[in-house]
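Spelled out from the first residue to the last, the chains are:
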2 protein chains.
Amino acid sequence: MKCKVCREHAVVDIRRHNAGFCQDHFLEHTRNQVARAIKEFKMFRTDDRLLLAVSGGKDSLALWDILIDLGYDVTGFYLDLGIGGYSNRSKALSISFAEEHSAKLIVRSIESEHGFTVPELSALTGRVPCSGCGLNKRYEFNRAALEEGFEVLVTGHNLDDEVATLFGNVLHWNTEMLGRQMPVLNERILGEGNDARVALVRKAKPLVKLTERETAAYALLRGIDYVIEECPMVEGNTQHRYKHAITQLEESSPGTKSQFYAGFLRKAADRFRDAAEDPEDQTEVVACISCGAPTVRRDSHESRCSFCKTKALATKRKTEPAPRHAARRGKSGA
Amino acid sequence: MKCKVCREHAVVDIRRHNAGFCQDHFLEHTRNQVARAIKEFKMFRTDDRLLLAVSGGKDSLALWDILIDLGYDVTGFYLDLGIGGYSNRSKALSISFAEEHSAKLIVRSIESEHGFTVPELSALTGRVPCSGCGLNKRYEFNRAALEEGFEVLVTGHNLDDEVATLFGNVLHWNTEMLGRQMPVLNERILGEGNDARVALVRKAKPLVKLTERETAAYALLRGIDYVIEECPMVEGNTQHRYKHAITQLEESSPGTKSQFYAGFLRKAADRFRDAAEDPEDQTEVVACISCGAPTVRRDSHESRCSFCKTKALATKRKTEPAPRHAARRGKSGA
C-alpha cells in the first residue's frame, strides 16, 4: 500500500478512509483530524487556557503532543488514583512527557485530597471501582480547572470511547445522557447577577475523529512512551464489551464506528436535547451544600452532590469500629 | 431448575426472566406473551380477518398455532419465492401444517405472478438477493391481503428480528425507519372522499415479546415440523451480524435485547415519528401509476413504485438479446 499523499511506502492504513499513509503524512493527517474537530465543534481558541486530563496512556499523551504542536496553551493535569503500580507507572510517564516537552503539569492525588484511593473507595462504599473512579475524576478534573483558572477541560476520549458510550446509552435508551453526549459541553453557570459563577467548566474531546488504533500509531511513531497496560480494575467492564461488539462490526464493515457517531450528532442528538435540559421529574439544579458543585435537588431535603455523599460514606466507614468495617469490606471486596 | 409456576422439573429456562418452566407452563407463558403483545399494542381483535405470512419456519408456524389457539380468524399465506429445494421444503411444511390443523392457507408463487424467481430477480437486476426478496414479500403480502379482503397482515418477526432491525437503524441513524419501527403499523389510506381506499393494510408483529430461542422451543414442544435450514441466500447478511453482536451482549447481560427494544418504544420512538411522517425532502405520497400502491413522488416525473420499477427492469433484461443479458448476469451473480 502506498501513501495517499506522496505515493511513498505506507506505514499505516486506515480502512474507513480506504487510505494508507507514510509516517510524515500519517502524523499530519492525525493532527489535521484534531484541528478539524476543534474547529468543527468550536471547542476552544488559541487564547483559551486549556487543562488536559492526562492519564499516561496513548490518548492523552498523543493529544498533549498534538495540542502543543498546534500552538495551544495547554497544561497537563495528572490525578493519582492510587491504583498501585499502575498509578505509579502512569504518573512517572506523564511527568517524563512533561519534562521532555517542557510542558506544564499539575499533579494531585485522590488520597492526599480526600483520604482514600480508588480501590479503598470501592471497598469502603461497595461501589463498582470504575463507577467510583469516574465520579472522582469528573469531580477532581472540574475542581482543578476552576481552582487553577482554566477556561476549558480537555480529555482524550477517542472515537472508540465515544462510540462505546453512545452504544451503551442507546442500548439502555438513556435519553438524558444521549441529550448531553456532545464532543463539547459548554460551561454551566450557577446563580444570577453578581452571584453568577462557573460551576462546571467547558469540556472538550478533540480526539473524537480518531480511533484508538490511530492514537496508538501516532504515539508509537512519535516515540511517545505511554503506559500500555490497562487499568487492573477494569476487567469485565461493560464499556469494554460494547467496544468489542462494535469493533467486530467495524471489521466487516469499515466506517461503522464513525458513521454511527457522526450520524448521531447530525441526525439524532437534537432529538434528545430536551431530555438533558429538562429531566422528566422536573428536578432543580442547585449548588451542593458541602462543596458548591451543581447537583440535582430530588426532594425537599438539603442537596449534597454525589461526590460529597460518597466521600462522606467512605469517611464514615473508614472511622467506624473495626469489625463492622471489616465485614463490609469483605462483602464488597473488588 | 424448577418451573416457576408449579415447581415441577423445568424444561426451558428464560434467563432474562430469571425463570424456568415445565412444558405446559412454558407453552402457556408463550401464548400469554403473544396475547399480551396483541393487547398492549392494540394489534387486532377477534372479529378482524387476519392474513398471516407463513414461511414454513419456526416463527410463523408457532405464531399460526398460537393464533388458532387464541381463537383468532387467521388464514396462512405462503409465497413461493422459487429458491430451489429450500422453497419446496418450506412450502410442503406449510401445507402439512394447514392440513393437520384444518387451517386456511393461500399459496401464491412469485414466478407465476410476475415471471421470475428471487434468484432470477437478483441476477437480472444486480440487486442483493435479500433486498429483492424483501421488496417482493412486502409487496405481495400487502397485495394478497387487499385482494382477499383481510383487515390485518400478521408477520412472525420475533424479538431478535426487531432488535437486529432496530440496531441496524440506530447504527445508521435511519431516522425515517426509526419513526416507523413499531409492533403495529396502521393501514394507509390513499385518496379522499369517495376515492379513499386502503393502499397499505395494517401490519402487526405479535411475536415481539419472544426471542427466536423461545419460538423454536415452542415449535419443538408442540411437535410442529418446521424448516430448520436457513435460506441458502442469506450468507453474510448484515442482519445476521447484528443479531450475533447483540446475542453476545445478551449472554453476558440477560435482558439486553428486550430492554433495548422496549426502551426504544417507551422512550425514543416518539422522538423519530416526525421523520417517518414528514421526510426531510418534503416528498409526496401518491399512487403508483402501474399498480396503485403508495409510492413517494421524488420529482416531477410520473410515479412508479419500487416493485414495479424493479419488475420492469427484470422483465426488460429477461427479453434482451442474450450476450448483454449474460454479461450483466455474470457481473451481478449471487
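Sequence positions are assigned chain by chain, starting from 1 and proceeding in written order. To read the labels, note that chains go from A and ligands from 1, taken in the order they are written. pLDDT decides what is reported in this predicted model: residues at 70 or higher carry local features, side-chain atom pairs at 80 or more are listed and counted, and totals for whole chains, interfaces and linings draw on all residues regardless. Calculated side-chain values reflect all of the structure's heavy atoms, with hydrogen atoms and water omitted.

Q: I'm lost on the overall build of chain A in this one. Help?
A: The number of helices and strands found in chain A is 14 helices and twelve strands. As a reference, a globule follows 2.2 Å times the number of residues to the power 0.38, and the radius of gyration itself is taken over C-alpha atoms. The C-alpha atoms of chain A give 21 Å as radius of gyration, which agrees with the globular expectation for 334 residues (20 Å, within 12%). Counting only C-alpha atoms and orienting by the principal axes, one finds that chain A spans roughly 70 × 45 × 40 Å. Burial here depends on accessible area, computed with a 1.4 Å probe over protein chains only, as a share of the maximum for the residue type. Under 20% is buried, over 50% is exposed, and the range in between is partly exposed. The 334 residues of chain A split such that 51% are buried. Of the accessible surface of chain A, which amounts to about 16300 Å², a share of 48% is contributed by carbon and sulfur atoms. For the purpose of charge, His is not counted, nor are the chain termini; Lys and Arg are scored as positive and Asp and Glu as negative. The atoms used to mark charge sites are NZ of Lys, CZ of Arg, CG of Asp and CD of Glu. Positive and negative charge centroids in chain A, built from 48 and 46 side chains respectively, lie 3 Å apart. By definition, any uninterrupted DSSP run of H or I lasting at least four residues is a helix, any uninterrupted run of E lasting at least two residues is a strand, and each is numbered from the N terminus. Each accessible area is a Shrake-Rupley result for a 1.4 Å probe, and residues are judged covered by the shown protein chains and nothing else.

Q: Is there a simple way to think about the sheet that holds strand β7 (residues 184–185) of chain A in this case?
A: Residue and element names in this part refer to chain A. We call two strands paired when DSSP finds no fewer than two bridges between them. Reading across from one edge, β5-β4-β3-β6-β10-β7 is the order of the six strands in this open sheet, with mixed pairing throughout. What marks the edges here is a single partner per strand, and that holds for β5 (104–109) and β7. Any pair of residues with heavy atoms lying within 4.5 Å of one another is described as a contacting pair. Lines fitted to C-alpha atoms define the axes, with helix axes restricted to the stretch in contact, and inter-axis angles between N-to-C directions lie between 0 and 180 degrees. Sitting on the sheet, helix α3 (residues 84–100) touches β3 (49–54), β4 (73–80) and β5, and the angle it makes with β4 is about 160°. Contacts between helix α6 (residues 129–147) and the sheet are confined to β3, β4, β5 and β6 (152–154), with β4 contributing the most and set at about 140° to the helix.

Q: Just to check I follow, could you spell out the relation of the copies chain A and chain B for this structure?
A: Mapping between the two chain copies consists of a rotation about an axis together with a translation along that axis. Placing chain A over chain B gives an RMSD of 0.0 Å and needs a rotation angle of 180°, together with 0.0 Å of translation along the axis. Expressed as an axis order, the relation between the two copies is that of a two-fold axis. Looking at the interface residues of chain A, 100% of them are also at the interface in chain B, so both copies use one shared face. Fitting of the copies onto one another was done by least squares over C-alpha atoms, counting residues only where both copies have pLDDT of at least 70.

Q: What am I meant to see in the interface of chain A and chain B here?
A: Quoted interface sizes are often the accessible area lost when the parts come together. With 26 residues of chain A in contact, the opposing surface of chain B contributes 26 residues. Buried area between chain A and chain B, summed over both chains or domains, comes out near 2300 Å², and the portion from carbon and sulfur atoms is 65%. Buried area adds together the accessible area that both of two parts lose upon being put together, with accessible area traced by a 1.4 Å probe. A per-residue breakdown of the area chain A buries against chain B is headed by A:L171, A:W173 and A:R271, which together make up 32% of the total. Salt bridge, as used here, is a side-chain nitrogen of Lys or Arg placed within 4 Å of a carboxyl oxygen of Asp or Glu. B:R271 is the salt-bridge partner of A:D274, the closest N and O atoms lying 2.8 Å from each other.

Q: Could you clarify how one ought to interpret helix α12 (residues 306–319) of chain B in this entry?
A: A turn of α-helix holds 3.6 residues, and therefore any two residues three or four places apart point the same way. To estimate the expected span of a helix, subtract one from its residue number and multiply by 1.5 Å. Counted at 1.5 Å a residue, the expected span for α12(B) with its 14 residues is 20 Å, and the 20 Å between its end C-alpha atoms agrees. Within the sequence span of α12(B), burial applies to B:F307, B:C308, B:T310, B:A314 and B:R317.

Q: It is not clear to me how the packing of aromatic side chains should be interpreted in this structure. Could you clarify?
A: For any pair of aromatic rings, the description rests on two quantities: the centre-to-centre distance and the angle between the ring planes. Two rings from Phe, Tyr or Trp (for Trp, the six-membered ring) form a pair when their centres are within 6.5 Å of each other. A pair whose planes differ by under 30 degrees is stacked, one over 60 is edge-to-face, and the rest are tilted. Scanning the model with the defined rule gives 18 aromatic pairs over all chains in all. Relative to A:F272, the ring of A:W173 lies with its centre 6.3 Å away and its plane at 25°, an arrangement referred to as stacked. Placement of the pair is A:W173 in the loop between α7 (159–171) and α8 (175–178) and A:F272 in the loop between α11 (256–268) and α12 (273–277), with a sequence separation of 99 residues. Grouping residues by exposure puts A:W173 and A:F272 together as buried. Aromatic ring contacts, followed pair by pair, group A:W173, A:F260, A:F264, A:F272, B:W173, B:F260, B:F264 and B:F272 into a single cluster. Any Lys NZ or Arg CZ found within 6 Å of a ring centre and within 35 degrees of that ring's normal is scored as a charge over the ring. When the ring centre of A:F150 is taken as origin, the NZ or CZ atom of A:R49, which lies over that ring, is 4.2 Å away.

Q: For this particular structure, what's the right way to read the sheet that holds strand β7 (residues 184–185) of chain B?
A: Whenever strands of a sheet pair, they do so through backbone hydrogen bonds, lying parallel or antiparallel. Residues and elements named next belong to chain B. Taken together, the six strands give an open sheet; going across it, the order is β5-β4-β3-β6-β10-β7, and neighbouring strands pair in mixed fashion. Edge positions in the sheet fall to β5 (104–109) and β7, since each has one partner strand and no second. Of the strands in this sheet, β3 (49–54), β4 (73–80), β5 and β6 (152–154) touch helix α2 (residues 58–69), which is tilted by about 155° from β3. With respect to the sheet, helix α6 (residues 129–147) is in contact with β3, β4, β5 and β6, its orientation differing from that of β4 by roughly 140°.

Q: Whenever I open this one, helix α2 (residues 58–69) of chain A confuses me. Can you help?
A: All names here are of chain A. If you check α2, its first and last C-alpha atoms are 16 Å apart, about what twelve residues at 1.5 Å a residue would give, namely 16 Å. Within α2, ten of the twelve residues are buried, leaving the element largely enclosed by the surrounding structure. Of the residues trailing α2, G71 is marked for its positive phi of about 85°.

Q: How do you make sense of the pattern of salt bridges when you look at a structure like this?
A: All names here are of chain A. With the rule as written, the count across this model stands at 48 salt bridges over all chains. For K104, the salt bridge identified is with D73, shortest N-O distance 2.9 Å. Residue K104 is found in strand β5, and its partner D73 is found in strand β4; the two are separated by 31 residues along the sequence. Relative accessible area serves as the criterion here: at 46%, K104 is assigned to the partly exposed category. Since its relative accessible area comes to 27%, D73 is described here as partly exposed. A salt bridge links R143 to E147, with the nearest nitrogen and oxygen atoms 3.0 Å apart.

Q: It is not clear to me how the packing of helix α5 (residues 118–125) of chain A against α6(A) should be interpreted in this structure. Could you clarify?
A: The packing of two helices is summarised by the inter-axis angle and the distance between the axes. Residue and element names in this part refer to chain A. The contact between α5 and α6 brings their axes to 9 Å, and the two run at 120°. Overall, the two elements α5 and α6 adopt an arrangement that is oblique. Note on packing geometry: the crossing formed by α5 with α6 is right-handed. Contact residues: α5 offers V118, L121 and S122, while α6 offers P129, G132, C133 and N136. Geometric relationships in this document are graded by angle, where less than 35 degrees denotes roughly parallel, more than 145 denotes roughly antiparallel, 65 to 115 denotes roughly perpendicular, and other angles denote oblique. Should the near helix be turned anticlockwise from the far one by less than a right angle, the crossing is left-handed, and should it be turned clockwise, the crossing is right-handed.

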